[in-house]
Amino acid sequence: MPQLSLLTSLARLRALREGIAQPVATVRHCHVGARPMVFIPLKLSGEAAAPLAAMLGTDRDRPRLLVVTQPRNRDLRFAWAAELAGVLLPYVEGFTADTETVERKNADPYERALDAPQLVLPNQAGVGFTRLLGRSTRFRRPDGPYPVPPEVPLLGRWLTYFAERAAYPGSSLTLAATEELGRHWASGQSALEDANLAALLSWITQGPSDDAEDPLIWPPAGPATDPGFDAEVLAPAIDSESPERVAEALRTQLEPTWRLMWQALDLLAGLEPGASVAQRWEQDRGSFSAMAAHIAEGAPPQARRDGAVAAAAKLARMERAQAAYDVQRAYDDPLVMAEYRLTGEAFAGEVVETVPDNVEGEGRSRKLRPLVVLKTDDPVRLPPGASLGTPQRRGQGAELVEAHGGLITLKITKGMGRGKTPAPGAVPEIGERVCYTSLTDDFQGSPALPEAEATPWTHGGPPQEYIPDDEDAQEEWS
């Protein structure tokens with residue numbers, strides 16, 4: 001769930017008072033694909049990674065139900081995984097055919113898929129189970145003492161990839177429906193209750209309903225099932241050794257969630273996308289293309305644990321991605337920017353004076369530095385000299401000169417063009433309402449890290465190549 005902020009807390013109170021969820025975003029901050037793959041997994045109670053069933057597909061009118069009729073039977077579990085691979089792998093690989101050539105500065109061009117797959121799960125618990133499925137299958141082998149169908153290890157690699165992308169800030173390759181809905185609406189219930197997809201959707205569409213809390217009407221959205229269902233319905237069905245009875249019992253648990261998932265996607269798709277969503281989806285397409293090329297080149301599966309250098313590099317990438325995502329959301333959405341205005345990291349006001357021909361320096365060091373004075377009622381807690389950006393003129397840079405009595409003087413430092421006078425529109429006009437913030441995309445560069453082979457002994461030394469063995473093949477699913 002997104003972190004609870006002041007405005008979100010106020011929106012929750014208002015939702016509770018008015019009896020319906022309140023919007024906390026004016027635009028959509030995730031990409032919704034034209035053909036997403038809805039994936040609803042169920043697991044056996046008391047087992048970390050034992051699959052029980054899944055309902056999935058890209059057509060809301062034609063869901064595919066996959067069932068393990070005897071969940072403690074290893075052969076049936078891997079047959080289920082092979083069946084899952086038969087649905088997911090063609091979907092994923094179907095996006096690799098159409099590509100575009102992307103030119104890069106100081107680097108070789110590369111091929112990027114024109115579109116990418118999108119896996120949509122009900123909640124973060126479903127994403128966690130997907131990660132476990134990937135870990136349980138990607139190191140398996142089609143030969144040896146514990147053989148599996150040849151497509152199962154490939155499925156595990158893709159499931160691991162999608163689970164990892166779910167944790168990458170701003171990525172839309174893997175979405176958890178409850179999390180994305182929570183980014184855009186605030187209900188009158190707790191964050192823990194928002195993890196119930198039925199209850200959250202009820203708050204958004206019609207207000208709280210007793211039906212949303214009734215497990216007989218709205219079963220849990222997985223991966224865990226309801227204990228009452230397990231004892232009264234599932235266990236007798238499994239004991240009967242009737243595949244049809246087991247499948248029908250599990251269908252009753254999955255079909256309601258299937259309908260809710262498409263309702264959630266319709267709600268998200270109905271919002272106008274933020275200006276930065278397309279840019280982040282391009283990055284997703286690049287990541288997907290790199291993974292597809294990695295597999296096509298015969299590279300080994302993802303390691304069980306990252307080495308010291310790989311872990312540090314991943315952490316740096318994710319920190320930069322989080323910072324960029326925070327900036328983009330704020331620039332795209334006035335409601336998100338309002339949070340930073342409350343904390344003094346941003347301010348908005350009306351321009352009351354400009355000095356567009358202000359210059360600094362002498363001779364060749366002479367530089368055009370227009371001054372802008374605006375009046376604001378927002379608290380400003382930024383020191384003189386703070387670097388500023390503005391959503392109204394992305395790419396423009398400014399510097400805070402002084403703040404006194406509600407009057408803010410700032411100096412434009414970049415984004416004015418190359419002439420001796422500012423480019424038309426570069427300097428705000430008197431009477432224009434503008435917003436400036438210390439949130440900018442001028443991030444610190446990635447740290448210089450050694451090659452993996454040069455990992456110092458203080459960090460474990462060079463990592464050893466991982467080679468799956470028979471002992472691994474007996475873990476978790478054996």
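Structure: above.
Residues numbered from 1 in each chain as written. Predicted model: local features only at pLDDT ≥ 70, side-chain atom pairs only at ≥ 80, totals over all residues. Heavy atoms only, no water.

*Asks:* Even after reading the chapter, I still don't get the sheet that holds strand β7 (residues 119-121), so can you show me in this structure?
*Replies:* Remark on secondary structure: sheet strands pair via backbone hydrogen bonds, oriented parallel or antiparallel. One open sheet accounts for 5 strands, arranged β4-β3-β2-β7-β8; its pairing is mixed. Only two strands of the sheet have a single partner each, and these edge strands are β4 (64-67) and β8 (174-176). Averaged over all neighbouring strand pairs, the angle between strand axes comes to 20°, with direction disregarded. Bridge analysis of strand β2 (residues 37-43) against strand β3 (residues 51-57) gives 6 bridges, and the strand direction is antiparallel. By the bridge assignment for β3, Val38 is matched with Gly57. Each of β7 and β8 is contacted by helix α5 (residues 177-184), which is oriented at about 70° to β8, the strand it contacts most. (Pairing = 2+ DSSP bridges. Helix = DSSP H or I, 4+ residues; strand = E, 2+ residues; numbered from the N terminus. Axes fitted to C-alpha atoms, helices over the stretch in contact; angles between N-to-C directions. Contact = heavy atoms within 4.5 Å.)

*Asks:* What am I meant to see in the environment of Pro243 here?
*Replies:* Among the structural elements, Pro243 can be located in helix α9 (residues 243-269). It is 40 Å that separates the C-alpha atoms of Pro243 and Gly270, two residues lying 27 residues apart in sequence.

*Asks:* What is the right way to look at the side chain of Thr390 in this model?
*Replies:* Looking at where Thr390 falls in the secondary structure, it is placed in the loop between β14 (387-388) and β15 (397-404). Separated by 2.8 Å, the side chains of Thr390 and Gln392 make a polar contact. Reaching out from Thr390, the side chain makes a polar contact with the backbone oxygen of Cys435 at a distance of 2.7 Å. Residues in contact with Thr390, not counting those within four places in the same chain, are Tyr331, Gln396, Cys435 and Tyr436. (Polar contact = N/O pair within 3.5 Å; in protein donor to acceptor, adjacent residues only side chain to side chain.)

*Asks:* Any chance you could explain the environment of Pro428 here in plain terms?
*Replies:* On the secondary structure map, Pro428 appears in the loop between β16 (407-414) and β17 (433-437). Since its relative accessible area comes to 2%, Pro428 is described here as buried. Between the C-alpha atom of Pro428 and that of Leu371, which follows or precedes it by 57 residues, the distance is 9.8 Å. Pro428 has contacts with Val351, Thr354, Val372, Arg393, Ile412, Val434 and Tyr436, leaving out every residue within four places of it along the chain. (Buried < 20%, exposed > 50% of the residue type's maximum accessible area, 1.4 Å probe, protein only.)

*Asks:* For this particular structure, what's the right way to read the sheet that holds β16?
*Replies:* Ordered by their spatial adjacency, 6 strands build an open sheet running β14-β15-β16-β13-β10-β17, and the pairing between neighbours is antiparallel. In this open sheet, the two strands that pair with only one neighbour each are β14 and β17. Note that β15 and β16 share 7 bridges and pair antiparallel. When the sheet's bridge partners are listed, Glu402 is paired in β16 with Thr409.

*Asks:* It is not clear to me how the environment of Val32 should be interpreted in this structure. Could you clarify?
*Replies:* Checked against the element boundaries, Val32 lands in the loop between β1 (22-23) and β2. Judged by relative accessible area, which is 17%, Val32 ranks as buried. For the pair Val32 and Tyr325, spaced 293 residues apart in the sequence, the C-alpha separation amounts to 17 Å. Beyond its immediate stretch of four places on either side in the chain, Val32 contacts Gln118, Leu265, Leu268 and Ala269.

*Asks:* Explanation requested: the nonpolar core in the structure shown.
*Replies:* A general tendency of soluble globular proteins is for nonpolar side chains to be buried together. Counting residues in each nonpolar core, the largest one holds 41 residues, and the members touching the most others are Val38, Leu181, Leu197, Leu250, Leu254 and Met261. Every element with two or more residues in this core is listed here: β2, β3, β4, α5, α7 (197-205), α8 (227-239) and α9. Counting residues per element, this core draws most heavily on α9, which supplies 11 residues. Each residue touching Val38, except ones within four places of it in the same chain, is listed here: Met55, Leu56, Gly57, Val120, Trp258, Met261, Trp262 and Leu265. (Core = buried A, V, L, I, M, F, W, Y, C linked by side-chain atoms within 4.5 Å.)

*Asks:* Would you take a moment to explain the packing of aromatic side chains for this structure?
*Replies:* Any aromatic ring pair is given by two values, namely how distant the centres are and how the planes are angled relative to each other. Counted according to the given criterion, the structure contains 7 aromatic pairs. Between the aromatic rings of Tyr161 and Phe162, the centroid separation amounts to 5.7 Å while the plane-to-plane angle is 65°, which identifies the pairing as edge-to-face. One exposure class covers both Tyr161 and Phe162, and it is buried. The structure contains a cluster of three or more aromatic residues connected by ring pairs, namely Trp158, Tyr161, Phe162 and Phe288. (Phe/Tyr/Trp six-rings, centres within 6.5 Å; stacked < 30°, edge-to-face > 60°.)

*Asks:* Just to check I follow, could you spell out α7 for this structure?
*Replies:* Residue pairs spaced three or four apart in an α-helix point in one direction, given the helix's 3.6 residues per turn. Counting buried positions over the 9 residues of α7 gives 8, a clear majority of the element. Within α7 the residues assigned to the buried category are Leu197, Ala198, Ala199, Leu200, Leu201, Ser202, Trp203 and Ile204. In this structure, the buried residues of α7 make contact with α1 (6-18), α5, β9 (185-186), α6 (191-194) and α9. The backbone nitrogen of Ala198 has a side-chain oxygen 3.0 Å away, supplied by the residue at the start of α7, namely Asn196. Looking one or two residues past α7, Gly207 carries a phi angle of roughly 100°, positive in sign.

*Asks:* Quick question: what am I supposed to make of the packing of helix α2 (residues 74-93) against helix α4 (residues 151-166) here?
*Replies:* Two numbers describe a pair of packed helices, the interaxial angle and the distance between the axes. The contact between α2 and α4 brings their axes to 9 Å, and the two run at 65°. For the crossing formed where α2 meets α4, the hand is left-handed. Taking contact as the criterion, the partners of Phe78, Ala81, Ala82, Leu84, Ala85, Leu88, Leu89, Val92 and Glu93 in α2 are, on α4, Glu151, Val152, Leu154, Leu155, Trp158, Leu159 and Phe162. (Left-handed = near helix turned anticlockwise from the far one by under 90°.)

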